[in-house]
Amino acid sequence: MSELLDARAATLLPDGEPLRRHDAAVFDLRRRRDAAVAALPDFEALRTHAQAIKTHTLDYLDAYLERFESQAAAAGAVVHWAEDGAAHNDIVHGLLRERGVRRVVKSKSMLTEECGLNPYLEARDLEVVDTDLGERIVQLGQELPSHIVVPAVHRSRAEIGELFHVHMQTPSGESDPVRLTEYARRDLRPRFLAAEAGITGVNFAIAETGTIVVCTNEGNADLGMSLPPLHIASMGIEKVIPTLADLATFLRLLARSATGQPITAYTSLVTGPRAGGELHIVLVDNGRSRLLANSTHRSSLACIRCGACLNTCPVYRRAGGHAYGQAVAGPIGAVLAPALSSQAEGRRLPLASTLCGSCSAVCPVRIDLHGQLLAWRRTRAHAGAGERVLQRAAAVVLGRAALLRAAGALVRLCWPLLARRWPGNPLGVWLLGRQLPAHPGASFATRYRRLKGSKR
Amino acid sequence: MSARDGVLARVRRAARHEVSHPGAFEPARMDSGWERFASTLHAVGGEPVGPVQSGDLSWALSELCADAGRVVMGPGVAQSLGPGPWEELPEGVSPQSLADVAVALLRGSIGVAENGAVALDGRHAPVRALPYLCERLILLLETSEIVPDMHQAIARMPPDATRFHHFYWISGPSKTADIEQTLVLGAHGPRSLAVVGIRDLQ
C-alpha cells in the first residue's frame with residue numbers, strides 16, 4: 001500500500017476550484033469526442049482498421065524504418081538514429097552548435113519532453129522558445145505539461161495572466177483568453193522571424209514516401225519549420241506508418257479523438273528540406289525496441305498521442321497530469337512508464353488505476369489499456385521481493401475468513417490514528433490532498449447480518 | 001556498432017513478420033456537395049464564399065481584399081484574374097520579407113466535405129511560410145474538386161505531391177483553446193480563412 005503513497009501525491013491538483021475546473025475542462029473534451037464520433041457512421045470500423053495497420057506495421061517495423069530512412073534521404077533529408085534520450089539531445093545540440101545557432105523555436109513534441117531536450121539545450125546557452133501556447137505557458141511556469149494535447153489545462157486564466165505579466169510585461173490582472181492569446185502571438189512572432197532553427201515533433205512518418213506529417217491547430221509548427229533555414233524533426237521509431245493511403249485512417253481518428261474536431265486546422269506533409277534549407281530527422285529508440293520485444297506490451301507502441309484516454313480517466317481527471325511525474329500522463333502514460341521511464345516511480349504508476357476500462361473504450365487504435373495496466377501489475381507482483389511478500393500476505397489474509405475479520409477489526413481500531421496527519425503516519429503524504437472518509441463502525445458482514453435480521 | 005545498426009538489430013529481432021496489412025479501408029458513403037463542405041468549413045471557423053462563376057471571381061476577390069493592406073497572390077491564381085488590389089508573389093524572396101502580408105490569395109486543390117480541409121499543393125505556395133504568416137488566408141477551390149472523405153482526398157493527391165517538399169491540408173483558421181478551453185482564432189497564423197468556391201474555373 002505505501003508504494004502508492006509516494007511524494008508524487010504532493011503534486012496532486014488541490015481540492016476545490018482547481019480540481020473542479022480541471023475535471024470539467026478535460027471531460028468537456030471527452031464529450032466533444034463523443035459528439036464527433038456519433039457523427040461518423042464508420043468510426044468503430046476505422047478504429048479496427050487503424051489497429052490492424054499498427055499491428056502490421058509494428059510486426060514489420062524494421063523493414064518500414066529502413067524504407068522510411070532511404071526515402072527521406074532520397075528527398076534530401078538527413079536521418080539520424082539515437083539509442084536513447086541522451087543520444088538524441090547530443091545529436092540535436094551537435095547540429096545546432098555546428099551551425100552556430102543561438103535561437104531555437106520549438107513546437108510541441110512529447111518525445112523531446114521525454115528526452116528532456118529543453119533543459120539540456122538551455123544548460124548549453126541556447127535560447128529555446130516553446131511556441132505552442134499551452135507549452136509556452138508551462139515553459140514560463142517552469143513545469144512539465146500536464147496533458148499531451150492541452151499542456152496547460154491545470155492552469156487558470158488568472159494564473160496564466162499573472163505568468164504573462166511577470167514574463168511579458170502584460171497588464172497586471174489581465175485574464176481574458178482572447179487578449180492573453182494576442183499578447184502571446186505578438187511576443188512570439190518576432191521570435192519566429194529571428195529563429196535560426198526550428199524543432200518539431202512528428203505525428204506520422206510515411207515509409208512509402210519518406211514524408212513526415214505534423215498536425216497542429218495553431219500553425220506554430222509550420223512557422224517553425226518554414227522560417228528558419230534549419231528544421232530538426234524528432235520522432236520515436238514507432239511513428240512510422242506504411243503508406244500515404246494509411247495516413248487517411250489516422251487523420252480521421254486523431255483530432256476527433258483528441259478534441260472532437262474533424263481534423264486539426266493544419267496537417268502538414270513535409271518531404272525533404274525547403275529550398276535552401278536543411279531537414280534533419282532524428283529517430284529515437286529510448287526503450288521502444290525493448291517494448292516491441294515484449295509480446296504482452298508491444299501494442300502500447302500503437303499510441304497516436306490523442307489524449308482521449310486522459311480525458312475519460314477518473315484518476316487523471318481528479319489527480320491532474322503532474323501527479324504522474326512523467327512527460328506523458330494518464331492511462332497511456334501509466335502503461336508506457338514502466339517500460340520507457342528511467343525513474344523507479346514510473347514503474348508504480350499501473351497501481352494507480354481503477355481498471356474501469358473507460359480508456360480502452362475510447363482508444364482510437366484499440367489499445368487494451370486497462371488490460372495493459374493489469375498486466376504490468378502482474379509483472380510487478382512477480383518481480384519485487386517486497387511486492388511478493390505483500391501479495392502472499394494478502395493471499396493468506398483474504399483466503400481465511402477469520403483472519404480477514406481480525407484484520408478488518410484492527411483497521412477500524414486504528415482508523416482515527418490513520419485519518420489524522422502526524423509524523424510517522426504511513427498515509428502522511430496521501431493525506432496532503434485528501435481525507436479518509438468516516439468509517440462505518442462495523443464490517444460489511446456484520447451490517448449485512450443486522451439488516452437481514454431487521455427485515456425478518 | 002552504430003546507433004542505427006543497434007536499434008535496427010533489436011527491432012529486427014522483435015519484429016515477427018507475421019501479421020499482414022489490412023488493405024484499403026471501405027468508408028461509409030457520404031455526401032460531397034459544396035453545401036456539406038461549406039457547413040463543415042463554417043463549423044471549423046472558416047468562411048465559405050460562393051460558389052461563384054469564374055467570370056465573377058475577380059469581382060468577388062476584390063470585395064474580399066478591399067482595404068486589406070498588402071495582398072499577395074500565389075501561382076495558379078493570376079491567369080483567372082484581371083488587375084486588382086493584389087501583387088503576384090515575387091520569385092526567390094525570403095519568407096521573412098513576407099511578414100507584413102495581410103492577405104494571401106492561394107489556389108487550393110482538393111476540398112474534403114467531412115472535415116472542411118482544403119489541399120494546398122507546395123507548387124501553389126512556393127514560399128512555405130506564406131499561408132501561416134498572413135493575417136487572412138483566402139483559398140480558391142473548384143467545387144468539382146470536393147470529395148466526401150479523407151481517404152478519397154489523399155487518393156486524389158497528385159503522384160508527385162510528396163516530391164515538392166510540402167503539401168498542406170488546411171481546415172479553418174489558426175486556433176487555440178489552451179487557456180481554459182476558450183476557443184481563440186488566430187493563435188499564430190491567419191486569424192481568418194475564406195474558401196472561395198468556383199463552379200467552372202479552368
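Here the structure is a predicted model, which is why all the values come from computation and not from measurement.

Examining the interface of chain B and chain A
So, step 1. Residue-level contacts link 62 residues of chain B with 70 residues of chain A.
So, step 2. The set of elements that each furnish at least two residues to the side of chain B that touches chain A consists of α1 (3-14), α5 (150-155), β9 (166-170) and β10 (175-176) of chain B.
So, step 3. Per-element accounting of the side of chain B that touches chain A gives the leading share, 10 residues, to α1 of chain B.
So, step 4. Residues that form the side of chain B that touches chain A fall into these classes: 29 nonpolar, 21 polar and 12 charged.
So, step 5. Where strand β9 (residues 266-270) of chain A meets β9 of chain B, five bridges bridge the pair, whose relative direction is antiparallel. If you follow V270 of chain A over to β9 of chain B, its bridge partner there is H166 of chain B.

What to know about the sheet that holds strand β3 (residues 87-88) of chain B
Residues and elements named next belong to chain B.
So, step 1. The strand order across the open sheet built from six strands is β1-β12-β7-β4-β2-β3, with neighbouring strands paired in parallel fashion. The outermost strands of the open sheet, each flanked by one partner alone, are β1 (47-52) and β3.
So, step 2. In this sheet, strand β12 (residues 192-198) lies alongside β1 in parallel orientation, the contact comprising four bridges. Paired with V52 across the strands is I198, a residue of β12.

A look at helix α9 (residues 177-194) of chain A
So, step 1. Between its first and last C-alpha atoms α9 of chain A spans 26 Å; for 18 residues at 1.5 Å apiece the expected length is 26 Å, and the two agree.
So, step 2. Its maximal kink placed at L188 of chain A, α9 of chain A deviates by approximately 25°, while the proline P190 of chain A follows within four residues.
So, step 3. The secondary structure elements touched by the buried residues of α9 of chain A are β2 (103-106), α7 (133-140), α8 (157-168) and α10 (220-226) of chain A together with β10 and β11 (184-185) of chain B.

Things to note about the domain arrangement of chain A
So, step 1. Looking at chain A, the domain boundaries give domain 1 (50-289) and domain 2 (403-455).
So, step 2. Taking the mean C-alpha position of each, domain 1 of chain A and domain 2 of chain A sit 49 Å from one another.

What to know about helix α17 (residues 369-383) of chain A
Residues and elements named next belong to chain A.
So, step 1. An ideal rise of 1.5 Å per residue puts 21 Å on 15 residues; α17 measures up with 21 Å between its terminal C-alpha atoms.
So, step 2. Among the residues of α17, those classed as buried are L369, H370, Q372, L373 and W376. Down the axis of α17, the smallest arc covering the buried residues is 155°, so these residues share one side. Of the exposed residues in α17, those oriented more than 90 degrees away from the buried face are R378 and H382.
So, step 3. Among the structural elements, α13 (308-312), α15 (330-340) and α16 (358-362) are those in contact with the buried residues of α17.

Remarks on the nonpolar core
So, step 1. Of all hydrophobic cores here, the largest spans 180 residues; its most connected members are L61 and L247 of chain A together with L105, L139, I170 and V196 of chain B.
So, step 2. By residue number, the principal contributor to this core is helix α11 (residues 244-258) of chain A, which donates nine residues.

Things to note about the environment of Y324 of chain A
All names here are of chain A.
So, step 1. Assignment of secondary structure puts Y324 in the loop between α14 (314-319) and α15.
So, step 2. When the C-alpha positions of Y324 and A394 are compared, they lie 26 Å apart, and in sequence the two are 70 residues distant.
So, step 3. Not counting chain neighbours up to four residues away, the residues in contact with Y324 comprise A329, G333, A334 and L349.

Quick look at the sheet that holds strand β7 (residues 230-236) of chain A
Residues and elements named next belong to chain A.
So, step 1. The sheet built from six strands is open, its strands ordered β1-β10-β7-β4-β2-β3 with parallel pairing. Where the open sheet ends on each side, the last strands, each with one partner, are β1 (78-82) and β3 (127-130). Here the strands of the sheet are splayed against their neighbours by 20° on average, with no regard to which way each runs.
So, step 2. Where β1 meets strand β10 (residues 278-284), five bridges bridge the pair, whose relative direction is parallel. Bridge assignment links W81 to a residue of β10, and that residue is L283.

A closer look at the packing of helix α2 (residues 43-59) of chain A against α11 of chain A
All names here are of chain A.
So, step 1. Interhelical geometry of α2 versus α11 gives an angle of 130° and a closest axis separation of 10 Å. Here α2 lies oblique to α11, going by the angle between them. Along this stretch, α2 crosses α11, giving a crossing that reads as left-handed. Residues L46, R47, H49, A50 and I53 of α2 pack against D246, T249, F250, R252 and L253 of α11.
So, step 2. For the contact of α2 with α11, a count of residues per class yields five nonpolar, two polar and three charged.

A closer look at unusual backbone geometry
Residue and element names in this part refer to chain B.
So, step 1. Residue P51 is reached from G50 by a cis peptide bond, and omega for that bond is 10°.
So, step 2. Note that P51 resides in strand β1.
So, step 3. Within the chain, D67 stands out as a residue other than glycine whose phi angle is a positive 55°.
So, step 4. On the secondary structure map, D67 appears in the loop between α3 (57-65) and β2 (71-73).

Parameters at a glance
Residues numbered from 1 in each chain as written. Chains lettered and ligands numbered in written order. Predicted model: local features only at pLDDT ≥ 70, side-chain atom pairs only at ≥ 80, totals over all residues. Contact = placed C-beta atoms within 7 Å. Helix = DSSP H or I, 4+ residues; strand = E, 2+ residues; numbered from the N terminus. Nonpolar A, V, L, I, M, F, W, Y, C, P; charged D, E, K, R; others polar. Pairing = 2+ DSSP bridges. Expected span 1.5 Å × (residues − 1). Bend = angle between axes of the 7 residues up to and from the residue. Domains from an automatic or database assignment. Buried ≥ 20, exposed ≤ 12 C-beta atoms within 10 Å, placed from the backbone. Arc of directions from axis to C-beta. Core = buried A, V, L, I, M, F, W, Y, C linked by C-beta atoms within 7 Å. Axes fitted to C-alpha atoms, helices over the stretch in contact; angles between N-to-C directions. Parallel < 35°, antiparallel > 145°, perpendicular 65-115°, else oblique. Left-handed = near helix turned anticlockwise from the far one by under 90°.

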